[in-house]
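Report on the structure
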Amino acid sequence: MNDIEEIKSLLERIAKSLEGIVDYLNNKEVEKNTENKKIIEKDEHKLVNDSSESEIEKFLNSKNIKIKSIKKEDESDTVLD
C-alpha cells in the first residue's frame, strides 16, 4: 500500500468512528430528553393534583368538614390516569 491509500484508509476509519460517536450521542440526547419529559409530566401531574386537592380542602373546610388523613398517591395511580 502506498502512503496515500494508507492515509485514505485511516481517514475512512476515523470518519466511521466519528459517525458512531455522533449516533451514540444522539441516542443519549434522545434518552435524556425522554427522561426529562417524564419528570416534567410527573411534576405537572403533581401540580394539578395539588391544586385540585387544595380546592377540595377549601370546600370541605367551608362546610366545616375535617380531613383525618390523606392517602399518598401510589405509582399505579399515575398509570391509571
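Numbering of residues starts from 1 in every chain and runs along the sequence as written. Restriction of local features to residues with pLDDT of at least 70 applies here, the model being predicted, together with a cutoff of 80 or more for giving and counting side-chain atom pairs; totals for whole chains, interfaces and linings are based on all residues. The basis for the side-chain values is all heavy atoms of the structure; hydrogens and waters are excluded.

**Quick notes on the overall build of the protein chain**
Helix numbers and strand numbers start at the N terminus; a helix is a DSSP run of H or I with at least 4 residues, a strand a run of E with at least 2. The helix and strand tally for the protein chain stands at 2 helices and 0 strands. Residue exposure (1.4 Å probe, protein chains only): buried if accessible area is under 20% of the type maximum, exposed if over 50%, otherwise partly exposed. Counting the 81 residues in the protein chain, one finds 2% classified as buried. Computed with a 1.4 Å probe, the accessible areas rest on the Shrake-Rupley method; for each residue, only the protein chains presented here act as cover. For the protein chain, the exposed surface amounts to about 7,900 Å²; the carbon and sulfur share of it is 56%.

**Focus: unusual backbone geometry**
A positive phi angle is found at N64, which is not glycine, with a value near 60 degrees. Structurally, the position occupied by N64 is in the loop between α1 (3-62) and α2 (75-80).

**A closer look at a nonpolar patch on the surface**
On the surface, a nonpolar cluster with roughly 720 Å² of combined accessible area is contributed by I7, L11, I14, L18, I21, Y24 and L25. Topologically, L18 is positioned in helix α1. In this scheme, patches are assembled from residues that exceed 30% relative accessible area and form no salt bridge. Like charges are connected within 9 Å, while nonpolar side chains (Val, Leu, Ile, Met, Phe, Trp, Tyr) are connected within 5 Å. In what follows, salt bridge is the name for a side-chain nitrogen of Lys or Arg lying within 4 Å of a carboxyl oxygen of Asp or Glu.

**Regarding the environment of N2**
You can see N2 is positioned in the segment before α1. Assessed through its relative accessible area of 42%, N2 is described here as partly exposed. Polar contacts here mean pairs of N or O atoms no more than 3.5 Å apart (in protein, one a potential hydrogen donor and the other a potential acceptor; neighbouring residues in sequence count only if both atoms are side-chain atoms). A polar side-chain atom of N2 sits 3.2 Å from the main-chain amide nitrogen of I4.

Treat this as a map of the structure, not an account of what it does.
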